[in-house]
Amino acid sequence: MAIDFHWIRDDAELASHCARWRTLSFVALDTEFMRVDTFYPKAGLVQVGDGDSAWLIDPLLIKDWRPFAGLLEDPAVTKVLHACSEDLEVFLRLTGSLPLPLLDTQLAAGYLGIGYSMGYSRLVQAVLGIDLPKDETRSDWLQRPLTEMQERYAAEDAIHLAEIYRIIDERLDATKRAWVLEDGAELVANLRREVDPDDLYRDAKLGWKLSRQQLAVLRELYAWRDIEARRRDQPRNRIIREHALWPLAKFQPDNLVALARIEDMHPRTVRQDGNTLLKMIREAAELPPAEWPEPLPEPLPSEATALLKKLRAIGQAEAERLGMAPELMLRKKHLEALLKTGYPDGPYSLPEGFKGWRRELMGQALLDALAGDNAP
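Owing to the predicted nature of the structure, the values given are computational and were not obtained by experimental measurement. Residue positions are given per chain, counted from 1 along the sequence in the order it is written. Per-residue local features are limited, in this predicted model, to residues with pLDDT of at least 70; the limit for side-chain atom pairs, both in listing and counting, is 80 or more; totals at the level of whole chains, interfaces and linings are taken over all residues. Where side-chain values are given, they derive from all heavy atoms of the structure, hydrogens and water being excluded.

1. A look at helix α1 (residues 11-21)
Basically, it comes down to this: Categorising residues by exposure relies on relative accessible area from a 1.4 Å probe, with only protein chains included: less than 20% of the type maximum marks a residue as buried, more than 50% marks it as exposed, and the intermediate range marks it as partly exposed. Counting from the N terminus, the helices are DSSP H or I runs at least four residues long and the strands are E runs at least two residues long. Our arc is simply the arc of the directions from the helix axis toward the C-beta atoms. Residues count as neighbours in contact if any of their non-hydrogen atoms are within 4.5 Å of one another.
Of the positions making up α1, those classed as buried are L14, H17, C18 and W21. Looking down the long axis of α1, one finds its buried residues gathered within 105 degrees of arc, a one-sided arrangement. Each element contacted by the buried residues of α1 is listed here: β1 (5-8), β2 (26-34), β3 (42-49), β4 (54-57) and α2 (66-73).

2. A short note on helix α12 (residues 267-285)
Definition in use: Expected helix span is taken as 1.5 Å per residue step, with the number of steps being one fewer than the number of residues. For a residue, the bend is simply the angle between two axes, fitted respectively to the seven-residue segment ending there and the seven-residue segment starting there.
Taking 1.5 Å per residue, 19 residues should reach 27 Å; α12 reaches only 23 Å between its end C-alpha atoms and comes up short. When the local axis directions of α12 are compared, the greatest deviation, roughly 75 degrees, occurs at D273. Listed as buried for α12 are R268, T269, V270, D273, G274, L277, L278, M280, I281, A284 and A285. On the buried face of α12, the contacting elements are α8 (212-232), α9 (236-239), α10 (242-251) and α11 (256-260).

3. Focus: the packing of aromatic side chains
Where we set the bar: Any two of the Phe, Tyr and Trp rings considered here, Trp counted by its six-membered ring, make a pair once their centres fall within 6.5 Å; the pair's planes then place it as stacked at under 30 degrees, edge-to-face at over 60, or tilted in between. A ring is scored as having a charge over it whenever the NZ atom of a lysine or the CZ atom of an arginine sits within 6 Å of its centre and within 35 degrees of its normal.
This structure, assessed with the given rule, holds eight aromatic pairs. Both rings, one in W141 and one in Y153, keep their centres 5.9 Å apart while their planes meet at 35 degrees; by these two values the pair is tilted. A residue pair is termed long-range when its members are at least 10 positions apart, and W141 in the loop between α5 (120-128) and α6 (148-171) and Y153 in helix α6 qualify at 12 residues. Y153 carries the same exposure label as W141, and that label is buried. An aromatic cluster of at least three residues, connected via ring pairs, comprises W65, F68 and F91. If you follow R93 out to its NZ or CZ, it ends over the ring of Y40, 3.7 Å from the centre.

4. So, the state of the cysteines
Just so we agree on the cut-off: In this description, the term disulfide denotes a pair of cysteine sulfurs within 2.5 Å.
In this structure the tally under the stated criterion is zero disulfides. Between C18, a free cysteine, and C84, which holds the nearest cysteine sulfur, the sulfur-to-sulfur gap is 19 Å.

5. Quick notes on unusual backbone geometry
At the junction of L100 and P101, the peptide bond is cis and its omega measures out at -10 degrees in the coordinates. Along the chain, P101 turns up in the loop between α3 (85-95) and β6 (102-104). Cis geometry is found at the peptide bond from Y343 to P344, where omega equals 5 degrees. Structurally, P344 can be placed in the loop between α14 (332-340) and α15 (356-373). Phi is positive for Q252, which is not a glycine, with a value near 45 degrees.

6. Some details on the UniProt feature "domain: HRDC" (unreviewed entry) in the protein chain
Stated precisely, the cut-off is as follows: UniProt positions are given in the numbering used here, feature names are shortened, and annotations may be inferred rather than shown by experiment.
What UniProt calls "domain: HRDC" (unreviewed entry) maps, in this numbering, to residues 211-291. Secondary structure content for residues 211-291 is 73% helix and 0% strand, while the C-alpha to C-alpha distance between its ends is 13 Å.

Okay, here's the thing in structure tokens:
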């Protein structure tokens, strides 16, 4: 089957098409990028499906992304993407803007009970009955010219995504559509939210085992790694491997030999940044107690597993009633945060991060289940 696609290689042409796309009710968007040894994705292609054709935008030639940013931000045009977290990073990097309203077809498939966390090829097969080739998934999207197979692969993605949206949109009732868009808005909000580098240490898996003085070192290491990864445009684990951070804070080596013996410490890190790390560890360790972080909360004990299962069952029952994938209903991190507000004897309160339609639909039922569990 012939694929109808067109290239957009200059600013004037992009501006003209963006003006036309803003008259539509939706556009399907996709990106191809490279991210092998970099912190930021390097865009190789941006695809737009308008329901009839595919348009391949060359980000190596476009200089003025303002018209495209206007399309992304136009509230009258639904932007349709699939499993879009990395695509969002590409758009933010290229244009400084993010798509709203955003409908992620991977999420929508879960809302319709088609499947949870489905890859694009599986969704195309499930909805359209088409088997997509996977040959170009890992190819070099920064090369020019692209091969004929790369062009076809990229164009098919945009065309099929528009076809899937039309089918899914007919099957979504108004309530579920609003929920999918709410989840899309949350994805965008999370990417817009700037995380203070000094707060990154809070997510360390074993951070709760460290003393406050050791946490002061861990805080500094996590912040420095993130700042350097962005400055050098390298993956965080290339700056310091994740599994080396906790033992660095725990044992606080004071010479290069001791530093090199730290678990999972790459020799390259010792060579490039060893002295910097030693100085940072020493200075953070010498901070006065008033500047130490508060202890991190311990994880829930194994005895809480039964309670978590009981709460999860509420989401599973709602999912069955609504014909949705149960994994979409209640996220583990929210249930754990809920339990931590009052475990083991209560009273409990809904955590701040548990919001939107899930809070409205299931919040009171969760609190009632916990209250009943603690009733005399």
